[in-house]
Amino acid sequence: MIEPAPTDSPAPLAEALDEVRRSAQSLLADLGHRPRALRIRAGDVVVEMEWTVQEAAAGPAAPAPATTTAVVPVEVPADEPALPPGVGVCAPIVGTFYRAPEPGATPFVAEGDQVRRGQQVGIVEAMKLMIPVESDAEGRIVALHVADGAAVEFGERLLTIDPQAG
């Protein structure tokens, strides 16, 4: 676990997240192998990454795709529309969200589709890296919140899954 050193003045969230990302990439690049899991905490922000055993044993580390879960406490102003209840799948990093593996291809998922835990539901491109976005739950997709090709922020909800409709 990497914990940031205390500072006299708090950095904006975007700067803190960027520093966490750079630190994680540097740490992974310096390892002789890919770890099974990595958890980074910066204040209230926690970034967790897990690789399957097969991927972890594959060899040299690369800051390439991992299953990433973003846990970001957010206060929603009362005048913003409420998100539907269910499990939110959020952007693991700032970047561009894609619903399909390439332009013109069939999207990974659509509203109403049944998904299983770990199923790829999209991609976020960040600095020429294609980071898979995977479902955190089994159930039915009840809402898609982000258009294909849209810019997304870290922790932004991309879609909502109803685990009771599985």
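Please read all numbers here as calculations on a predicted model, not as lab measurements.

What counts and what doesn't
Residues numbered from 1 in each chain as written. Predicted model: local features only at pLDDT ≥ 70, side-chain atom pairs only at ≥ 80, totals over all residues. Heavy atoms only, no water. Helix = DSSP H or I, 4+ residues; strand = E, 2+ residues; numbered from the N terminus. Buried < 20%, exposed > 50% of the residue type's maximum accessible area, 1.4 Å probe, protein only. Contact = heavy atoms within 4.5 Å. Areas by Shrake-Rupley, 256 points an atom, 1.4 Å probe, with all protein chains shown as cover. Polar contact = N/O pair within 3.5 Å; in protein donor to acceptor, adjacent residues only side chain to side chain. Pairing = 2+ DSSP bridges. Core = buried A, V, L, I, M, F, W, Y, C linked by side-chain atoms within 4.5 Å.

**A short note on the overall build of the protein chain**
Helix and strand content of the protein chain: two helices and 11 strands. N-terminal to C-terminal, the α/β element order of the protein chain is α-β-β-α-β-β-β-β-β-β-β-β-β. The buried share among the 166 residues of the protein chain stands at 30%. Across the protein chain, contacts joining residues at least 24 apart in sequence account for 59% of those joining residues at least 6 apart. Here the protein chain displays about 10000 Å² of accessible surface, and carbon together with sulfur accounts for 53% of that area.

**A short note on the environment of Met127**
Of note, Met127 is situated in the loop between β7 (120-126) and β8 (129-134). Considered as a pair, Met127 and Gly95 are 32 residues apart in the sequence and their alpha carbons are 7.8 Å apart.

**Thoughts on the side chain of Ser135**
Secondary-structure assignment places Ser135 in the loop between β8 and β9 (139-144). A distance of 2.4 Å separates a polar side-chain atom of Ser135 from the backbone oxygen of Ala137. Setting aside anything within four residues of it in sequence, one finds Ser135 in contact with Val89, Val115, Arg116, Arg117, Gly118, Gln119, Val121 and Ile161.

**Topic: the sheet that holds strand β10 (residues 151-152)**
One open sheet holds the four strands; their spatial order is β8-β7-β5-β10, and the pairing between them is antiparallel. Taken across any chain shown, the strands that pair with only one partner, and hence form the sheet edges, are β8 and β10. Pairing analysis gives three bridges linking strand β5 (residues 95-98) to β7, with the strands arranged antiparallel. Bridge pairing in β7 links Tyr98 to Ile123.

**Things to note about the nonpolar core**
Judged by nonpolar contacts, the single largest core of 17 residues is most densely connected at Val121, Val152, Leu158 and Leu159. Breaking this core down by element, the ones donating at least two residues are β7, β8 and β11 (157-162).

**Observations regarding unusual backbone geometry**
Located in the positive-phi region is Met127, a residue other than glycine, with phi close to 50°. Met127 sits in the exposed class, given a relative accessible area of 52%. Despite not being glycine, Lys128 has its phi angle at roughly 70°, a positive value. Among the secondary structure elements, Lys128 is positioned in the loop between β7 and β8.

**A short note on the sheet that holds strand β4 (residues 87-90)**
The sheet built from four strands is open, its strands ordered β4-β11-β9-β6 with antiparallel pairing. Strand pairing shows two members of the sheet lacking a second neighbour, β4 and β6 (114-115), which therefore form its edges. As paired elements, β4 and β11 share four bridges and run antiparallel to each other. What sits directly across from Cys90, in β11, is Arg157.

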